[in-house]
There are 2 protein chains.
Amino acid sequence: MKRYQQYCGLAKALDVVGGRWTLLIVRDLLLGPRRYGEIRGSLPGLTTNLLAARLKEMEEAEILHKITLHGMQLYALTARGRELEPAILALGGWGWKRMHGGPEEDDRLDLRWGILSMKRRYSGIESGHVCLVAGERRFDLRFSPDLLDFQERQSIDASAQIQGTLEQVRAWLFMGATFEPLEVQGDLSAVARFRSGFGLP
Amino acid sequence: MKRYQQYCGLAKALDVVGGRWTLLIVRDLLLGPRRYGEIRGSLPGLTTNLLAARLKEMEEAEILHKITLHGMQLYALTARGRELEPAILALGGWGWKRMHGGPEEDDRLDLRWGILSMKRRYSGIESGHVCLVAGERRFDLRFSPDLLDFQERQSIDASAQIQGTLEQVRAWLFMGATFEPLEVQGDLSAVARFRSGFGLP
DNA sequence: CAGGATCCGCCGCGATACTG
DNA sequence: CAGTATCGCGGCGGATCCTG
C-alpha cells in the first residue's frame, strides 16, 4: 500500500488502517476474538483474498494476532488494536448522524454494530454485569466507570438478563425504540444501573 | 465509490470519508478555509485530478462548501465537516504512537500538522488568545474551556505573541523540545495560561 | 468444511499534459 | 491559479481452485 509520507499522526494512522475494510475488521474484533469464517460472514462483500491480505497486513502492523483456543484459530486484537476503539467510536458517531431515514435499500443490519454504538452512549458512572439475549444470540456486557467490555459470548455470572426477540432488540438498538418490550430477569437493580448508564428513559 | 451497504455509523462514515486523501483534506481545512492551490501545496502526492474529484464529492456530502472572500475562491468546512475533528484527533493520536523514531526518510513535515496535534493535548481549563510566529508563518490560537480554535492567519487582538525560528517551533511541536528557546512578547500571563492549558512544563 | 491461494477484470488512483 | 483530459498501473471485487 502506498504511504502518505507525512510526519503526522493522522497520515501514519491512515497508512496502516486507511485501506478498504480494515477499520470494519477492527470493529468486528472489538466484540471479541473471531474465526476467519466468522469475520467473512459478518462482512458481506469482503472477498476471501482481500480478507487474507488484510489480516496479514494487520498482523504485521501488530493490530491483531493469531491465537489458538480450544483447537480453533482465532484472530484477536492486540492492545494497540484495541486502542483504535476511540477513533472508531468517533467516526461511527459522526456517521450515525447521516442515518436519519432508517436503513437504505440493500443495507444490511447486524446486532453487533448496534451493540458497538452503545459504547459511545455509555456515560460511565455506574457498573454492573448483564447478559443481553436477542433471539439465539447472546452478548456479555460489563460496565463500570473505568472499564466497558462488550463481547458476543455466553455470559457467566451475569447478575441480570435482558431478553427479547431479534426484532425487539434490533428495534431498541437501531431505531431508538423503547426498552419496555424486553423481558428482564435477575437483579433488577443491575438493569436499572444499566439503563441509567446508557441514558435510557 | 463503492458503498459498504451496512446500516452502521462507521460504515456510513467510511462511505463518505474513507477514500484516499479525504481525511487529510479535512485535516488541512480544520485550520481555516484554503484555496485550491494551497491544499495542493500542502498535500504533496495528491494529484490535481483527484483533488478536484474529492472536493466535488465532499461538497455533495456537505462536508465543505465553496466560499468567495476578497475575490478569492476558498474551500471551507461546513458544520458537519468540522464535526469530523474528534475522529481526526482520535485517529491522529493513535498514529502518533507509531512515530517513535522521529521522521522516516522522505517524510515531509508541516507545522500545521503539529499545530493540529496540540488540539488533542489541550486540557481546556484556561482561556486566552495568542499568536504563534514561526519564521514567516503565523498562527492564531484561541483557547477557552468550551472553544478551541487554531487558524493559520495573521492574529488581530492577540494578547501575546510567541515567536521563534521555523526550526525552533518545529522542534517544540514535533519533537517535544523545551518551550524555552522561543521568544515571548505581550501579556506574559496569557502565555502562562497557554502553557498550562497544554500541559507544558 | 474451515482456511486460505490463484487468476482475471475493472475502476480508483497516480503521473503528466493541456486549457480557460 | 484553478481546474480538465488522457493514459497506465495497481488495489480491489468476483469467482474458482487448492489443501489440511
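Preceding this section is the structure that the text describes.
The residue count restarts for each chain, going from 1 along the sequence in the order it is written. For naming, the first written chain is A and the first written ligand is 1, with later ones following in the order written. Local features in this predicted model are restricted to residues of pLDDT 70 or higher, and side-chain atom pairs are both shown and tallied only at a pLDDT of 80 or more, whereas totals for entire chains, interfaces and linings draw on every residue. Heavy atoms from the whole structure form the basis of all side-chain values; hydrogens and water molecules are not counted.

1. A closer look at the protein's contact with DNA strand C
Inference 1: A molecule or strand has a residue near it when one of that residue's heavy atoms lies within 4 Å. Around DNA strand C, the surrounding shell holds 18 residues, and the nearest of these are Tyr75 of chain A together with Arg20, Asn49, Leu50 and Arg54 of chain B.
Inference 2: Atoms of DNA strand C within 4 Å of the protein belong to the sugar or the phosphate in 61% of instances, the rest to bases.
Inference 3: We define a polar contact as two N or O atoms separated by no more than 3.5 Å, with the added condition that, inside protein, one atom must be a possible hydrogen donor and the other a possible acceptor, whereas residues neighbouring each other in sequence contribute only through side-chain atom pairs. Within the side chain of Tyr75 of chain A, a nitrogen or oxygen atom sits 2.5 Å from a phosphate oxygen of DNA strand C.
Inference 4: In the environment of DNA strand C, a phosphate oxygen lies 2.4 Å from a nitrogen or oxygen atom belonging to the side chain of Arg54 of chain B.
Inference 5: A helix here means a DSSP run of H or I that spans at least four residues, while a strand means a run of E at least two residues long, and both kinds are numbered starting from the N terminus. Taken together, the elements giving at least two residues each to the surface near DNA strand C come down to helix H3 (36-42), helix H4 (48-60) and strand E2 (72-77) of chain A together with helix H4 (48-60) of chain B.
Inference 6: Per element, the largest residue contribution to the surface near DNA strand C is four residues, and it comes from H4 of chain B.
Inference 7: All residues other than Ala, Val, Leu, Ile, Met, Phe, Trp, Tyr, Cys, Pro, Asp, Glu, Lys and Arg, Gly among them, are scored as polar; the first ten of these are nonpolar and the last four charged. Here the surface near DNA strand C is composed, by residue class, of five nonpolar, eight polar and five charged.

2. Focus: the relation of the copies chain B and chain A
Inference 1: Here the copies were fitted onto each other by least squares, based on C-alpha atoms from residues at pLDDT of at least 70 in both. The operation relating chain B to chain A is a screw motion whose rotation component is 180°, with 0.0 Å of axial translation and a residual RMSD of 0.0 Å. Such a turn and shift between the copies fits a two-fold axis. It is Ala87 of chain B whose C-alpha, among those of chain B, lies nearest the rotation axis, at 2.7 Å.
Inference 2: In what follows, a contact means two residues having at least one pair of non-hydrogen atoms within 4.5 Å. Take the interface residues of chain B: 100% of them recur as interface residues in chain A, which is what a same-surface contact looks like.

3. Notes on the interface of chain B and chain A
Interfaces are often sized by the amount of accessible area the parts lose when they come together.
Inference 1: Facing the 51 residues of chain B at the interface are 51 residues of chain A.
Inference 2: A 1.4 Å probe defines the accessible area here, and the buried area is the portion of it lost by two parts on being joined, summed over both. At the boundary of chain B with chain A, total buried surface from both sides reaches about 4800 Å², with 64% on carbon and sulfur atoms.
Inference 3: The partner of Lys12 of chain B in a salt bridge is Asp107 of chain A, with the nearest N and O atoms 3.0 Å apart.
Inference 4: Linking chain B with chain A are 18 residue pairs in polar contact (both at pLDDT 80 or more).
Inference 5: Of all the secondary-structure elements, those providing two or more residues to the side of chain B that touches chain A are helix H1 (9-17), helix H2 (22-29), helix H6 (85-96) and helix H8 (166-175) of chain B.
Inference 6: The element best represented in the side of chain B that touches chain A is H6 of chain B, accounting for nine residues.
Inference 7: Of the residues assigned to the side of chain B that touches chain A, the class counts are 30 nonpolar, eight polar and 13 charged. When a carboxyl oxygen of Asp or Glu lies within 4 Å of a side-chain nitrogen of Lys or Arg, that pair is called a salt bridge.

4. Overview of the protein's contact with DNA strand D
Inference 1: Neighbouring DNA strand D are 17 residues, the closest being Arg20, Asn49, Leu50 and Arg54 of chain A together with Tyr75 of chain B.
Inference 2: Within the side chain of Arg35 of chain B, an N or O atom sits 2.9 Å from a phosphate oxygen of DNA strand D.
Inference 3: Between a base oxygen of DNA strand D and a side-chain N or O atom of Asn49 of chain B, the distance comes to 3.4 Å.
Inference 4: Secondary structure elements with two or more residues in the surface near DNA strand D: H4 of chain A together with helix H3 (36-42) and H4 of chain B.
Inference 5: Broken down by element, the residue count for the surface near DNA strand D peaks at four residues, all from H4 of chain A.
Inference 6: Here the surface near DNA strand D is composed, by residue class, of five nonpolar, seven polar and five charged.

5. Points about the sheet that holds strand E4 (residues 137-144) of chain B
Residues and elements named next belong to chain B.
Inference 1: When DSSP locates at least two bridges between a pair of strands, those strands are taken to pair. Spatial ordering of the open sheet is given by E5-E4-E3-E6-E7, a layout of five strands whose pairing is mixed. At either margin of the open sheet sits one strand with a lone partner, and together these are strand E5 (147-152) and strand E7 (183-186). For this sheet, the mean angle separating the axes of adjacent strands, direction not counted, is 15°.
Inference 2: Judged from the six bridges that link them, E4 and E5 form a sheet pairing that is antiparallel. Residue pairing in the sheet places Phe139 in a bridge with Glu152 of E5. All axes are obtained by fitting lines to C-alpha atoms, using only the stretch in contact for helices, and the reported angles, taken between N-to-C directions, cover 0 to 180 degrees.

So yeah, pure geometry; function would need other evidence.
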